[in-house]
Amino acid sequence: MDFNVKKLASDAGVFFSRAMQFTEEKLGQAEKTELDAHFENLLARADCTKNWTEKILRQTEVLLQPNPSARVEEFLYEKLDRKVPSRVTNGELLAQYMAEAANDFGPGTPYGRTLIKVGEAQRLLGAAERDFIHTASITFLTPLRNFLEGDWRTIAKERRILQNRRLDLDACKARLRKAKAAEAKATLWNDEVEKAEQELRLAQTEFDRQAEVTRLLLEGISSTHVNHLRCLHEFVEAQSSYYAQCYQSMLQLQKQLGSSKGEIFSGTFVGNAESTSPLPATASPPAVAAGPLPAVPTIPVVPTLAGVPSTVAESVLNPSEVQPPASGTRKARVLYDYEAADSSELALLADELITVYSLPGMDPDWLIGERGNQKGKVPVTYLELLS
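Criteria and thresholds
- Residues numbered from 1 in each chain as written.
- Predicted model: local features only at pLDDT ≥ 70, side-chain atom pairs only at ≥ 80, totals over all residues.
- Heavy atoms only, no water.
- Helix = DSSP H or I, 4+ residues; strand = E, 2+ residues; numbered from the N terminus.
- Expected span 1.5 Å × (residues − 1).
- Buried < 20%, exposed > 50% of the residue type's maximum accessible area, 1.4 Å probe, protein only.
- Polar contact = N/O pair within 3.5 Å; in protein donor to acceptor, adjacent residues only side chain to side chain.
- Core = buried A, V, L, I, M, F, W, Y, C linked by side-chain atoms within 4.5 Å.
- Contact = heavy atoms within 4.5 Å.
- Pairing = 2+ DSSP bridges.
- Axes fitted to C-alpha atoms, helices over the stretch in contact; angles between N-to-C directions.

K.L.:
Talk me through helix α2 (residues 37-64); I want residue IDs and the actual numbers.
P.N.:
An ideal rise of 1.5 Å per residue puts 40 Å on 28 residues; α2 measures up with 40 Å between its terminal C-alpha atoms. The set of residues buried in α2 consists of Phe 39, Leu 42, Leu 43, Ala 46, Thr 49, Lys 50, Thr 53, Leu 57, Thr 60 and Leu 64. At the N-terminal end of α2, a side-chain oxygen is found 3.1 Å from the backbone nitrogen of His 38, two or three residues along, and the residue is Asp 36.

K.L.:
Give me the lowdown on the nonpolar core, citing residues and values where you can.
P.N.:
Generally speaking, soluble globular proteins have nonpolar side chains that are buried together. One finds Phe 132, Phe 140 and Leu 218 to be the most contacted residues of the largest nonpolar core, which totals 35 residues. Breaking this core down by element, the ones donating at least two residues are α2, α5 (110-184), α6 (190-219) and α7 (221-265). Tallying contributions element by element places α5 first for this core, with 16 residues. Not counting chain neighbours up to four residues away, the residues in contact with Phe 140 comprise Ile 56, Thr 60, Thr 135, Cys 231, Leu 232 and Phe 235. Of all hydrophobic cores here, the second largest spans 18 residues; its members include Ile 354, Val 356, Val 378 and Leu 383.

K.L.:
Residue-level account of the sheet that holds strand β1 (residues 330-334), with values.
P.N.:
Two orientations exist for strands paired in a sheet by backbone hydrogen bonds: parallel and antiparallel. Read from one edge of the open sheet, 5 strands run β4-β3-β2-β1-β5, paired in antiparallel fashion. Taken across any chain shown, the strands that pair with only one partner, and hence form the sheet edges, are β4 (374-379) and β5 (383-386). Averaged over all pairs of adjacent strands, the angle between their axes in this sheet comes to 40°, without regard to strand direction. As judged from the 4 bridges shared by β1 and strand β2 (residues 353-357), these two strands associate in the antiparallel manner.

K.L.:
So what about the side chain of Thr 224? Which residues, and what values?
P.N.:
Mapped onto the elements of the fold, Thr 224 is located in helix α7. For Thr 224, a relative accessible area of 9% corresponds to the buried category. Apart from residues lying up to four places away in sequence, Thr 224 is in contact with Phe 147 and Asp 151.

Following this line, the structure appears as structure tokens:
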């Protein structure tokens, strides 16, 4: 019991002495032992390494997992030393939705088949993303985190001890100066000066030993940089491999969709009364003043005849072979300029009058237009049909 009391009193005395020394240094009333320039450079380099490592670590975590809630969950699992549960990537979830939609729409329909192909590509992208996140976490994030939670904590602990040793040393120097001043005035015995000198020698030894330990740890920052450099190369390799897989998957998907694109434009969806095709991208109609729109007369469409393919108007148009039907032709005024996208279309000039008609099975958003000897497809949205 007496031993514990004495120890607590001693610790309190040491703490008070350090606090006094620190306060007097801040107020400029006490001298401070300065570290050499090389040591100060090592300290600054270590602090810089720690600060930038923290920032790079946090931002890489955001890159790999943008969801903050998911990052917090993973952090808690790591702190509890439990395995982080497997999480479905966004690409894999999208693939699942596309597959389910294809089943509802019909996997044999053009839309359903395309959903299945795109969904499979999204699944591959999601799997590649999962592998990249796993690899980057092991090869890049873990070493950075280990440095902050391991080596840096050791460095910070030894630096705190060095700071305390320096305060003890400077406090001993102050006591020795006071003892010598009192001795000069013959108010203290010589043994008080000898005691202060002995305490100073002991404090100097402890400070020098701790400074050497801290110096060795700080010089190890160079090895840390080399290790982080190697990890950075591995991170870049993992990222390059990930993007290469994504590129190959999308390239393959483009080839698959390109081979079936004719299915889309061959009239598979012709006759859909709810067609909402947008304006052609080659031109943008100017703004129209507010007010009621004029009524647009409709053109009767020639019924599809038996034996006539429904793709006649959707295939590449040869103007010389197109003949107007016996009935159903109308005059139309062009509302906006239109630039033909290819030889099957007819270029239009605003306010001109042309003759228009429809062909069997033709997309309701397009008509055949004639201007003299010129013929070609024209978009309905660019015309005002005249009765």
